[in-house]
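Structural description and commentary
Each chain, letter by letter, is given below.
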Amino acid sequence: MAAKAPVAAEEQAAAAEGKGSCPVEEVALVVPETDDPATPVMTFRAWTLGLGSCVVLIFLNTFFTYRTQPLTISGILAQILVLPAGRFMAAVLPDREVRLLGGRLGSFNLNPGPFNVKEHVIITIFANCGVSYGGGDAYSIGAITVMKAYYKQTISFLCALLIVLTTQILGYGWAGMLRRYLVDPAEMWWPSNLAQVSLFRALHEKDEGGKSRGPSRMRFFLIVFFASFAYYALPGYLLPILTFFSWACWAWPHSITAQQVGSGYHGLGVGAFTLDWAGISAYHGSPLVAPWASIANTAAGFVMFIYLIVPLCYWRFNTFDARRFPIFSNQLFTASGQKYDTTKVLTRDYDLNVAAYESYGKLYLSPLFAISIGSGFLRFTATIVHVLLFHGGDMWRQSRSAMGSAKADVHARLMQRYKQVPQWWFLALLLGSVVVSLLMSFVWREQVQLPWWGMLFAFALAFIVTLPIGVIQATTNQQPGYDIIAQFMIGYALPGKPIANLLFKIYGRISTVHALSFLADLKLGHYMKIPPRCMYTAQLVGTVVAGVVNLAVAWWMLDNIENICDVEALHPDSPWTCPKYRVTFDASVIWGLIGPERLFGRHGLYRNLVWLFLVGAVLPVPVWLLSRAFPEKKWIALINVPVISYGFAGMPPATPTNIATWLVTGTIFNYFVFRYRKGWWQKYNYVLSAALDAGTAFMGVLIFFALQNAGHELKWWGTEVDHCPLASCPTAPGIVVKGCPVF
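The present account deals with the structure reproduced in this document. For clarity, every value in this text was computed on a predicted model and none was experimentally measured.

Details of the environment of glutamate 26
Looking at the secondary structure, you find glutamate 26 in helix α2 (residues 25-30). Remark: the alpha-carbon pair of glutamate 26 and tryptophan 189, spanning 163 residues in sequence, is separated by 9.0 Å. Each residue touching glutamate 26, except ones within four places of it in the same chain, is listed here: Trp189, Leu194, Phe674, Trp681 and Tyr686.

Below is the structure:
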């Protein structure tokens, strides 16, 4: 392998002298500190398999994201499948030079030699463009889905395509501008990448049998992969009750309180658990790749919110009239506990009909949903203050180019051998996206509702917050969101405009999500020593291809699946309930249609939640002061207020059971195994994560196309999720809801 190259030996000698070796222990244990610059990267095989895997992944992920249990198929699936395909192409393709237009457009070799790890990495970079962070699709598809499926709005395909492409390319532009801060420094280590690095090594390196105990990493991967593949037939088809195992509801089948507390799907999930890897990793990613400090902070926030704050607000103080509604729900409600019908307060232009709103009544949220929104206020200001206090000095030095070779670790020195991407390449993408987006606000003014100044406001917001959020994700594997803040701001500026609110969120927040996804891939290329210009090409081409396919698939589904996303009109067993996009729709109603002034203003029911902006700004300060006063107490600096608040993020649609099982699993592997079996952890931990992801994804795809898509659905006791019918019942006197007792 490349590990034998002279370049590698030189760098290993430098590392042995302690000059610039990686300061992050997990990275030092997993990432190879070697390179061979002569290894071919952008080969015919890489282009063919890369574009093919990108198209397949974005198709599957778009398809599954509309389902009740959305399945995100990670790039690991492509990472595994392309290995035999690449080796097959290396075995059968001729060693022949192909000239394009007689050589005027250059030439390439069909088969430059054995299929190598760098080709494999660049194919995975292509594939990752089909798996946008956290959702498996371009987030702008959520806004287009809400427009077409919920608001029944007419929007042109060209307008929708420009929305998808400009948000993603805008994110790529932000990523390029922030490389210096979020990719080059060794401290920005992006924990999620270590699982992919481990898998690449397992697939391409041979274990030194005499020096290593246990099976090779490749054999271990295959064992876990086939076990995970076979097991997922149970929660995925035969026994879905394993997804939410709520034993308390069996013990107290007639108690509303017991089911509210014990339901894993509609309650607080106390004692409930999931034996479904897809459920464990669905919302916070794989727990095996999250650092222990991040898990501990998330656990602190989760326990505080779910087991202390929510119960007190619901049973002790009846905060926000909480007992009129389910304790846990992503639905919107009227004062009488019924679901809020937004069509009754809409005009034909999709604006708020104020007279109809006053007549129909105020909008209410479930208690957990309301407090979750408040935690978003806290998280936003806490993230900015935390990063300024703990990382502001480093960022200032980096911005003044003070990060010289003395601070460059072995990976940064190896990457300096390659020709870099000029900053203006990224700047051109950024400015081009801005110009096209502004033109859209004039050409399709009625469809997008967002004026030109709203677009500029969104760009400014993304510019301010992408860096601090990137620092948090690069060091903790958690991404504090500010969706709520973006919609809160534009909701005040443009009240009663739900479509404008959605578009502002896309450009002001979702472009940041895409930027962080691209930055994570840039760090993967950094670890695997992929030339920067190859990374630029692969990410840009993959982004455009994925965006077009993403919209085409979603457009077809929205036009051809009857009543998609309409829970009331769908058959009870239909899988097309769109829980992810229901939350997006609810947010557009809360922040865009009804507006923050009516909910959080001086006379709004939820006005006191706004104080959490101030609380979030204050909380990191004493932690920082204590870390400065007691520098020998390293654990103080690990207290991360934004990540603590992240323990409550994503609920709904995530459930407390998803998060609790994620915390337990992460603690077992990244605290106990890492501390007491470090050799096993170093060799197998990330390989285990990759194998579980891959086995679950393969079986999930197989089950759908072989059984569910053909109408072969099972119906018995084990296929009924949760068995807690009373968990969604209100407990306030006089509230009448179908299927619930009246107090």
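Looking at the pattern of salt bridges
This model, assessed by the stated rule, comprises 3 salt bridges. When the shortest N-O distance is used, the salt bridge between glutamate 119 and arginine 45 registers 2.7 Å. Pair noted here: glutamate 119 is in helix α5 (residues 117-128) and arginine 45 is in helix α3 (residues 44-64), with a separation of 74 residues, a long-range link. Here glutamate 119 and arginine 45 have matching classes, each one buried.

A closer look at the state of the cysteines
Per the counting criterion, the structure on display carries 3 disulfides. Paired by a disulfide, cysteine 249 and cysteine 724 hold their sulfur atoms 1.8 Å apart. The chirality of the disulfide connecting cysteine 249 with cysteine 724 is right-handed, given an S-S dihedral of about 105°. One end of the pair, cysteine 249, is in helix α12 (residues 247-251); the other, cysteine 724, is in the segment after α32 (678-708), and 475 residues separate them in sequence. Residues cysteine 249 and cysteine 724 agree in their burial class; the two are buried. A sulfur-sulfur separation of 2.1 Å characterises the disulfide bridge that pairs cysteine 565 with cysteine 578. The chirality of the disulfide connecting cysteine 565 with cysteine 578 is left-handed, given an S-S dihedral of about -75°.

Let's talk about the packing of aromatic side chains
On inspection of all chains with the given rule, the structure shows 49 aromatic pairs. Here the aromatic rings of phenylalanine 377 and tryptophan 591 are separated by 6.3 Å at their centres, their planes lie at 65°, and the arrangement is edge-to-face. Taken together, the residues span a long stretch of sequence, with phenylalanine 377 in helix α17 (residues 367-399) and tryptophan 591 in helix α25 (residues 579-594) at a distance of 214 residues. Ring geometry for phenylalanine 459 against tyrosine 507: centres 6.0 Å apart, planes inclined by 85°, an arrangement best described as edge-to-face. Placement of the pair is phenylalanine 459 in helix α21 (residues 452-476) and tyrosine 507 in helix α23 (residues 498-528), with a sequence separation of 48 residues. Across the pair, exposure class does not vary: phenylalanine 459 and tyrosine 507 are buried alike. Ring-pair connections join several aromatic residues into one group, and the members of that group are Phe320, Phe377, Phe488, Tyr492, Trp591, Phe600, Tyr606 and Phe613. Across the ring face of phenylalanine 674, the terminal group of lysine 678 is positioned such that the distance to the ring centre comes to 4.6 Å.

Overview of helix α6 (residues 140-150)
Counting buried positions along α6 yields 11 of 11 residues, so the element is predominantly enclosed. Backbone geometry just downstream of α6 places lysine 152 in the positive-phi region, at approximately 55°.

Focus on unusual backbone geometry
Here the phi dihedral of phenylalanine 320 falls at roughly 55°; this positive angle occurs in a residue that is not glycine. Of note in this structure, aspartate 321 is not a glycine but carries a positive phi near 55°. Along the chain, aspartate 321 turns up in the loop between α15 (292-316) and β3 (332-333). The exposure class assigned to aspartate 321 is partly exposed, which follows from its relative accessible area of 25%.

What counts and how
Residues numbered from 1 in each chain as written. Predicted model: local features only at pLDDT ≥ 70, side-chain atom pairs only at ≥ 80, totals over all residues. Heavy atoms only, no water. Helix = DSSP H or I, 4+ residues; strand = E, 2+ residues; numbered from the N terminus. Contact = heavy atoms within 4.5 Å. Salt bridge = Lys/Arg side-chain N within 4 Å of Asp/Glu carboxyl O. Buried < 20%, exposed > 50% of the residue type's maximum accessible area, 1.4 Å probe, protein only. Disulfide = S-S within 2.5 Å. Phe/Tyr/Trp six-rings, centres within 6.5 Å; stacked < 30°, edge-to-face > 60°. Lys NZ or Arg CZ within 6 Å of the ring centre and 35° of its normal.

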